[in-house]
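Here is what each chain is made of, one letter per residue.
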Amino acid sequence: MMKKNKKLVVALLVLLTLSTGCTKYLSDENKKKIVNEVTGQSLTSNILCLPEDEDLLKIYEDNKDRMDVDYDSLKPCASFKPGDLKYNGLWESLFIKPLAYIIIKLGEFVSNYGLAVVILGILIRLILFPFTKKTLMQSENMKKAQPELQAIQKRYGDSKDQATAMQMSQEMMMVYKKYNINPAGGCLVSFIQLPILLAFLEAINRVPAIFEGHFLTLQLGTSPFVGIKDGNFYYIILIVLIILTTYFSYKFSMSTSTGNPEQDKQMEMTMKFMIVFISIASLSLPTALALYWIVSNGFVIAQNFILKSMKGKAETSRKKDDKVKEVRFTEHKRIEQKHVREDAKVSHSEKENVAVEKEQVINSQNKKNTKKKKKKHNKKGR
């Protein structure tokens, strides 16, 4: 059921992004991508607003017939509004245009588009934090539930009998309920997160003004490969940060075992492949997108570190509380046993006192009887 839900979510997202609003690249008459020779960036053909750089503007003017938008209807990025361009689907209207507008206005406010990308990247991650936290908690609970789920699957085997499958499903749902797992929860979180994150990347890619700006010594439209070739070796730091943040974000995410060795091995292989792939891709990634990638991964690393620290402290506190409870229970038991022993002693002592008193009463009665007998005997003798 979970796998079907995930596949459905992925299929919907792919359909949504491919059908409307995806980044499209400008091509020449030979269908080769047109590249900005200064930055090494493949130019976007469905830009949302006009660039300010004269050389870049001339490239677009010369190729406006090959663009996927009406070039003459485009406004300068500073004047861009989400409702300016014609309707091109929900994906673009609800996600990409509003985010592009926010990036532009935030860039104008802080006077730096690179800083705007960093700030907005952090804000988006903060908004998504409750959902990602829930995903991590679900992952932890799933890990705890795995032995019981595997035992159920092993018990029922590969039986295709409908009644058996229903019984197995009911038992698994009971385990999910026991560990507070929502099978569809991961799909819901993905459905909320992915459109926002993908739209943010799309918005960056389709606003030319972002790529014309600078952040520190880095030009936001320049790829590390071109930057290093031009003698700016600060782009090496950018590549290193992309690789390191990607590695540690995946490592933190994968550190929670699923409890299934085969699945853990597949996840590890996926992680290694993604690190190698992203490391190679980072050479041609525009700096603006690289900044977002570093900030996003950095936030994930910090987020996972904080959550794991909180979990560790909570676990330590729980163990401490359990130990205190155990000590209190032991002390209570010791005091209770002491009271029992004391009560037993008191009871025994009371019994002895009763016996002594009874014996004294008997002795006293015997003495009285003896005296009476003596008096009778003396009377008879007279």
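Structure first, text after, so check above.
Just so you know, these numbers come straight off a predicted model, no measurement behind them.

1. Comments concerning the state of the cysteines
Summed over the entire model, instances satisfying the criterion amount to one disulfide. Between the sulfur atoms of Cys49 and its disulfide partner Cys77 the distance amounts to 2.0 Å. Looking along the S-S bond of the Cys49-Cys77 disulfide, the torsion reads about 80°, which is the right-handed sense. On the criterion of sequence distance, the pair formed by Cys49 in the loop between β2 (41-42) and α2 (54-62) and Cys77 in the loop between α2 and α3 (90-110) is long-range, its members being 28 residues apart. As far as the burial class goes, Cys49 and Cys77 line up, both buried.

2. Re α3
Over its 21 residues, α3 extends 30 Å from the first C-alpha to the last, a length consistent with the 30 Å expected when each residue adds 1.5 Å. A maximum bend of about 30° is found in α3 at Ile96, where proline Pro98 lies one to four positions downstream. Buried residues of α3: Trp91, Glu92, Ile96, Lys97, Leu99, Ala100, Ile103, Ile104, Leu106 and Gly107, and no others. At the exit of α3 stands Ser111, carrying a positive phi of roughly 60°.

3. Concerning the packing of aromatic side chains
Within the structure shown, the criterion is met by four aromatic pairs. Their ring planes at 40° and their centres at 5.4 Å tell us that Trp91 and Phe95 sit as a pair that is tilted. A residue pair is termed a helical-turn pair when its members lie 3 or 4 positions apart in one helix, as Trp91 and Phe95 do in helix α3 at four residues. Exposure remark for Phe95: the relative accessible area of 25% places this residue in the partly exposed category. Seen from their ring centres, Tyr247 and Phe248 are 5.1 Å apart, and the 75° between their planes marks the pair as edge-to-face. In this structure Tyr247 comes out as partly exposed when scored by relative accessible area, which is 31%. Geometry around Tyr25 places Lys33 over its ring, the cationic atom sitting 4.4 Å from the centre.

4. Considering empty space enclosed by the protein
A probe matching the size of a water molecule, rolled over the atoms, marks out where space remains unfilled. For the coordinates displayed, the defined rule picks out two cavities of 30 Å³ or more. Within this model, the second largest cavity holds a volume of roughly 60 Å³. What lines the second largest cavity is simply Gln41, Leu43, Thr44, Ile47, Leu56, Tyr60, Asn205, Arg206, Val207, Pro208 and Phe211. At the level of secondary structure, the elements contributing two or more residues to the lining of the second largest cavity comprise α2 and α7 (208-212). Of the residues contributing to the lining of the second largest cavity, the split by class is seven nonpolar, three polar and one charged.

Quick notes on the rules
Residues numbered from 1 in each chain as written. Predicted model: local features only at pLDDT ≥ 70, side-chain atom pairs only at ≥ 80, totals over all residues. Heavy atoms only, no water. Disulfide = S-S within 2.5 Å. Helix = DSSP H or I, 4+ residues; strand = E, 2+ residues; numbered from the N terminus. Buried < 20%, exposed > 50% of the residue type's maximum accessible area, 1.4 Å probe, protein only. Expected span 1.5 Å × (residues − 1). Bend = angle between axes of the 7 residues up to and from the residue. Phe/Tyr/Trp six-rings, centres within 6.5 Å; stacked < 30°, edge-to-face > 60°. Lys NZ or Arg CZ within 6 Å of the ring centre and 35° of its normal. 1 Å grid on protein atoms, 1.4 Å probe; cavity = no way out; pocket = protein on both sides within 12 Å on 5 of 7 lines; lining within 4 Å. Points joined across faces, edges and corners; volume = space filled by probe spheres on them. Nonpolar A, V, L, I, M, F, W, Y, C, P; charged D, E, K, R; others polar.

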